[in-house]
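Observations on chain architecture
Letter by letter, the chains look like this.
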Amino acid sequence: MSLWIQAQQLQGEALHQMQALYGQHFPIEVRHYLAQWIESQPWDSVELDNPAEEAKAKRLLDNLVGELQKKAQVQGGEDGFLLKIKLGHYATTLKSTYDRCPLELVRCIKQILQSEQRLVQEATNVSSGNGLQAMDTLSQRHQQINQAFEELRLATQETENELRKLQHSQEYFIIQYQENLRIQAQLSSLSSLPAAERSQRETPLQSKRATVEAWLTREASTLQKYRLDLAEQHQKTLALLRKQQTLILDEELIQWKRRQQLAGNGGQHEGGLDILQSWCEKLADLIWQNRQQIRRCEHLTQQLPLPGPMEELLRKLNADITDVISALVTSTFIIEKQPPQVLKTQTKFAATVRLLVGGKLNVHMSPPQVKAAIVSEQQAKALVKNESTNSESSGEILNNNCVMEYHQATGTLSAHFRNMSLKRIKRSDRRGAESVTEEKFTILFESQFSVGGNELGFHVKTMSLPVVVIVHGSQDNNATATVLWDNAFAEPGRVPFVVPDKVMWPQICEALDMKYKAEMHTTRGLTEDNLVFLAQKAFTSSSNNPEDYHSMTISWAQFNRENLPGRSFTFWQWFDGVVELMKKHLKPHWNDGAILGFVNKQQAQDMLLSKPNGTFLLRFSDSEIGGITIAWRLVWNLLPYTTKDFSIRSLADRISDLNHLVYLYPDRPKDEVFAKYYTPPLCTSCVAAKAVDGYVKPEIKQVVPEADNILDAEGEFDLDYPMDVARHVEELLRRPVVNQWSGQQS
């Protein structure tokens, strides 16, 4: 079923979120009428941060426009006429919008497809009780936010209306006040007149003055009350704005950042940033409106000073709401695309920062520049505390300046760092047993800009997730362990970059399962039996009961500092080796359920004992990093295969070569499982045809000694046999291939 068909079945808040993905930047009608074509295009193959990919993006744009035009041409009938015009208009609009920036179209469509996938996945999870409850909670939370925005909109409109009334009343008051001054001036001018005439004119003027002054006294009191009432309303609105901002910044945005961090371990794509931006823009708009209202109140107060606390009250209101807008601006300067968390020196890398309220506050009218720098953990701690940091850099990044760009189609203001490179790094003194791959840094992004016609200036900063700097590929697996532990167990609001030294075993299981599924691009994760096997390895235990491990803790040292007993590698190094082997060579076999993998040697023997001869299974080597072995009835275990072996001949072909392998445990014929992966044999005529130029292509085949030759009369291994099975295979694979011709058996 296509993604679009599933997306159309969304309901409630999920449907609203899906609809919110579309607009002028990409109409939902285009998604609907070109659904199949859109989902079949290689959007993910385009590297958004690589300018050289613009030609590929341009082809996709031209093809999209062409498909729309073709779709428009085939429309007929009365209803089709309007659709024809509409689709043609969309084709023209998309062409003009993205012709100069085709990569933005790719970015837009990728975000839409990823968000749809996430919404569909979340809706699918609703089938479980917990999923339903989570979706209900999400829907309620979003509904609560939207209701609060409606309350704030009404409150802001009400204070705007009241402010206008106050302004009109004050203007009329000033007119009457001027009238009173005019009457006083007239009374003063009567002093030069004769007494009789003065008395005749003075009486009505004095009466009129008394009436006006009485009105002014009453009206001054009324104006003061209006001002106090309006200030009270602004205080209430400000409280609501603070509450809404706390909900969005301290809950929703923090949750988004947490999802982003877990995505570094293979968690679901963070998504939802466009919804967050829309909320933040609404907040910015409402805060700015209220701030302008308060400033207009201040102006009215200065224009007509009246006795009372208004001046001080408005000064505090202005300061408070300025703090609120400042918090919003500084908190919404975020990293949309994190730099790689394992960062190799002298290697190009990319990152993207985004100001969620940049478009709404017109920051793009004078595009600010963003600068990137690498800082140590100690410097990061000082930054969080607003303390001065050591001005000496922790390293040098090339191409570390970038101007923020406004993309009108999507309404985003962002800076895309496409070609950064870490030239050098300065390490700090390490503590105790800490290695260089445990030292954490962060990329600090900074910018300065002003809003409201230079009325408010901002210096914004944001730090990336922790990065571990390496200088050689051999350090990658240990650096990845540091990153995985940090991503999995970091708590929001922590002191950089503190993580617990010990965690519960089920927590590490969740992290390993997430990593495994992400690396393998599979939904077939680690089973309970797999996790028991890993627990036995981590804790050097023999218990097969999962409950025995639920209350146990595993330390960082056990995870990736101390070697496993009798081995030259750590628990993580062994697990990471398995992941690397599987994702490079054995992914299809894992997805087919052909590899048990997490089984030790004794368990394999016990499982095979009751099976017919020729039954085999595939298990990961205990003694070698990134090794997998074939265990079968009679021979038990071959020397483990590694990535190097599979780059010579695939697992399926190796299994095909060994005629003694008949059934994959428990009872599946091997050809039924592996035949679709066999390399087709070269036909005799093909070989002959290729021999015309004097060369025939050799073919590698795997053999082992006949089982009958290496077993004694009791069916046990003959210890006097000069070469065991594993060594024979190893020696065979190292023979020159020039003497092994197609069609011959070794």
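Residues numbered from 1 in each chain as written. Predicted model: local features only at pLDDT ≥ 70, side-chain atom pairs only at ≥ 80, totals over all residues. Heavy atoms only, no water.

An unreviewed UniProt entry annotates the protein chain as Signal transducer and activator of transcription originating from Oryzias melastigma.

Looking at a negative patch on the surface
We count it as follows: Residues form patches when they are more than 30% accessible in relative terms and have no salt bridge. Like charges link within 9 Å. Nonpolar side chains (Val, Leu, Ile, Met, Phe, Trp, Tyr) link within 5 Å. Only the protein chains shown count as cover for residues, and all accessible areas are computed by the Shrake-Rupley method using a 1.4 Å probe. Salt bridges are defined by distance alone: a side-chain nitrogen of Lys or Arg within 4 Å of a carboxyl oxygen of Asp or Glu. Positive charge is attributed to Lys and Arg, negative charge to Asp and Glu, and no charge count is given to His or to the chain ends. Just so you know, the charge point we use is NZ for Lys, CZ for Arg, CG for Asp and CD for Glu. Secondary structure counts use DSSP, requiring at least four H or I residues in a row for a helix and at least two E residues in a row for a strand, with both numbered from the N terminus. Exposure categories follow from relative accessible area, calculated using a 1.4 Å probe and restricted to protein chains: below 20% of the type maximum is buried, above 50% is exposed, and the middle band is partly exposed.
A grouping of Glu-528, Asp-529, Glu-547 and Asp-548 is seen on the molecular surface, where their side chains present a negatively charged patch. Broken down by secondary-structure element, the contributors of at least two residues to the negative patch are helix H15 (528-539) and helix H16 (547-550). Overall, Asp-548 belongs to the partly exposed group, its relative accessible area being 39%.

Focus: the sheet that holds strand S10 (residues 456-463)
Cut-off, in case you're wondering: Being paired, for any two strands, means DSSP has found at least two bridges between them. Here an angle of 0 to 180 degrees is reported between the N-to-C directions of two axes, which are lines fitted to C-alpha atoms, with helices fitted over the stretch in contact.
The sheet built from four strands is open, its strands ordered S6-S4-S9-S10 with antiparallel pairing. With partners counted over all chains shown, the strands left at the sheet margins are strand S6 (401-403) and S10, one partner each. Put simply, the sheet's adjacent strands are angled 25 degrees from each other on average, direction ignored. Where strand S4 (residues 369-376) meets S6, three bridges bridge the pair, whose relative direction is antiparallel. Note on S6: the bridge partner recorded for Gln-369 is Val-403.

Considering a nonpolar patch on the surface
On the surface, Phe-81, Leu-82 and Ile-85 cluster together into a nonpolar patch covering about 330 Å² of accessible area. Note on placement: Leu-82 falls in helix H6 (residues 77-98). Owing to a relative accessible area of 60%, Leu-82 belongs among the exposed residues under this scheme.

As for the pairing of strand S1 (residues 333-337)
The buried fraction of S1 is high, at four of five residues. Relative to strand S3 (residues 348-355), S1 is paired through four bridges, and the arrangement is antiparallel. Directly across from Phe-333, in S3, lies its bridge partner Leu-355.

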